Amino acid sequence: MVLKINNRNKTKIEKENSMNDVSKNQNEIIIECKNLNLWYDETQALIDINMKFKKNEVTAIIGPSGCGKSTLLRCLNRMNDVIDGCRIEGEVLFQGKNLYAKGADVRLNRKKIGMIFQKPNPFPMTIYDNITYGPKIHKIIGDKILDEITERCLKRAVLWDEVYERLDESALGLSGGQQQRLCIARALAVKPEILLMDEPTASLDPIATQKIEELILELKREWTVIIVTHNMQQAARISDYTGLMYLGKMIEFGETTQIFENPKQELTENYITGRFG
């Protein structure tokens, strides 16, 4: 045994939900990478990535800095497209359709696969306008509908009780943890199916981090969450599946308990026991 997982937050929430809320989609694959390779100019950053992400599960991607974690995450909604010199081979299948196929609707796919970044990035506008920005772009109008979306998404992000009297104030006046939950609420407003999170608690204090982790465990009841984290304890606490990356390769991928307590690869064991990274 390498590391005994302490899933205090996870256990508390999942015990409340699991008895009568077992997802019928538990084993459904929502997104899959097949022979995925990526180059930045002549440098190969991803090498033959093959992995499947299950619906309504939290998948964590861990590994040392520069191993390709964030690059892989950005492949899942084609955010690497905007990087000069980036070249991609292979497939990313979202609900069975290749995101990189000729004629794929990139805008629609990005709507369905939302992204939360390391540093909270609320728009310099009111809390209300942050939430309604996406729906308005997608031609959802009407004060009543937008009000309902705002309340619903802020409640799902466990932020409503803290800001419902401040909706007309600037989002920039919120604390860092509140801003990150606002960004999650903003992503939910356009009804995504997957939430990608790139080290979403890296810039937050421990209390705010705990709130985000608890929120992630709640979100998986309706959404699929894929998180990149440098924090192995966080991966152990909140994820159902974990993948270890090293030098652009997926070294090992499996259920989180197996990865942390009984890794199959020596490199995995060395990483999670702190011998490198």
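Residues numbered from 1 in each chain as written. Predicted model: local features only at pLDDT ≥ 70, side-chain atom pairs only at ≥ 80, totals over all residues. Heavy atoms only, no water.

**Digging into the pattern of salt bridges**
Here is step 1 of the chain: Taken as a whole and assessed by the stated rule, the structure comprises 10 salt bridges.
Here is step 2 of the chain: The residue K155 makes a salt bridge to E151 at a minimum N-O spacing of 2.7 Å. One end of the pair, K155, and the other, E151, are both in helix 5 (residues 143-156), four residues apart, so they sit about a helical turn from each other.
Here is step 3 of the chain: The exposure class of K155 is partly exposed, given its relative accessible area of 47%.
Here is step 4 of the chain: A salt bridge links R221 to E218; the nearest nitrogen and oxygen atoms lie 3.9 Å apart. (Salt bridge = Lys/Arg side-chain N within 4 Å of Asp/Glu carboxyl O. Helix = DSSP H or I, 4+ residues; strand = E, 2+ residues; numbered from the N terminus. Buried < 20%, exposed > 50% of the residue type's maximum accessible area, 1.4 Å probe, protein only.)

**So, the sheet that holds strand 4 (residues 86-94)**
The strands making up a sheet are joined through hydrogen bonds of the backbone, oriented either antiparallel or parallel.
Here is step 1 of the chain: Ordered in space as 2-1-4-5, the four strands form an open sheet in which the pairing is antiparallel. Of all the strands in the sheet, just strand 2 (43-54) and strand 5 (97-98) have a single pairing partner and so form its edges.
Here is step 2 of the chain: Pairing geometry for strand 1 (residues 29-40) and strand 2, over eight bridges, is antiparallel. Across the sheet, L36 pairs through a bridge with I49, a residue of strand 2. (Pairing = 2+ DSSP bridges.)

**Concerning helix 8 (residues 206-219)**
Here is step 1 of the chain: Relative to the 20 Å expected for 14 residues at 1.5 Å per residue, helix 8 spans 20 Å between its end C-alpha atoms, a close match to the ideal helical length.
Here is step 2 of the chain: Of all the positions in helix 8, only A208, T209, I212, E213, L215, I216, L217 and L219 are classed as buried.
Here is step 3 of the chain: Of the residues that open helix 8, the one with a side-chain oxygen 3.0 Å from the backbone nitrogen of I207 is D205. (Expected span 1.5 Å × (residues − 1). Polar contact = N/O pair within 3.5 Å; in protein donor to acceptor, adjacent residues only side chain to side chain.)

**Things to note about the side chain of E32**
Here is step 1 of the chain: By the secondary structure assignment, E32 is in strand 1.
Here is step 2 of the chain: No salt bridge is formed by the buried E32; its nearest oppositely charged neighbour, K52, is found at 4.2 Å.
Here is step 3 of the chain: For E32, the contacting residues outside a window of four places in its chain are M51, K52, E91, V92 and L93. (Lys, Arg positive; Asp, Glu negative; His and termini not counted. Contact = heavy atoms within 4.5 Å.)

**Considerations on the confidence of the model for the protein chain**
Here is step 1 of the chain: Looking at the protein chain as a whole, the pLDDT averages 91, with 90% of positions reaching at least 70.
Here is step 2 of the chain: Counting interchain partners and residues more than four positions distant, the pLDDT-below-50 stretch residues 15-24 has four contacts. (pLDDT = per-residue confidence, 0-100.)

**Overview of the sheet that holds strand 10 (residues 249-255)**
Here is step 1 of the chain: The strand order across the open sheet formed by six strands is 6-7-8-3-9-10, and the pairing between neighbours is mixed. If you trace the sheet from one side to the other, it starts and ends with strand 6 (113-116) and strand 10, each paired once. The sheet shows a mean angle of 15° between the axes of neighbouring strands, taken without regard to direction.
Here is step 2 of the chain: Here strand 9 (residues 241-246) runs beside strand 10; their pairing, made up of six bridges, is antiparallel. Paired with Y246 across the strands is K249, a residue of strand 10.
Here is step 3 of the chain: Where helix 7 (residues 176-188) meets the sheet, it contacts strand 6 and strand 7 (194-198), and its direction lies at approximately 170° from that of strand 6. (Axes fitted to C-alpha atoms, helices over the stretch in contact; angles between N-to-C directions.)

**Some thoughts on the environment of N231**
Here is step 1 of the chain: Turning to its location among the elements, N231 is positioned in the loop between strand 8 (224-228) and helix 9 (232-238).
Here is step 2 of the chain: You can call N231 partly exposed: its relative accessible area is 24%.
Here is step 3 of the chain: Residues N231 and T201, 30 residues apart in the sequence, show an inter-C-alpha distance of 9.4 Å.

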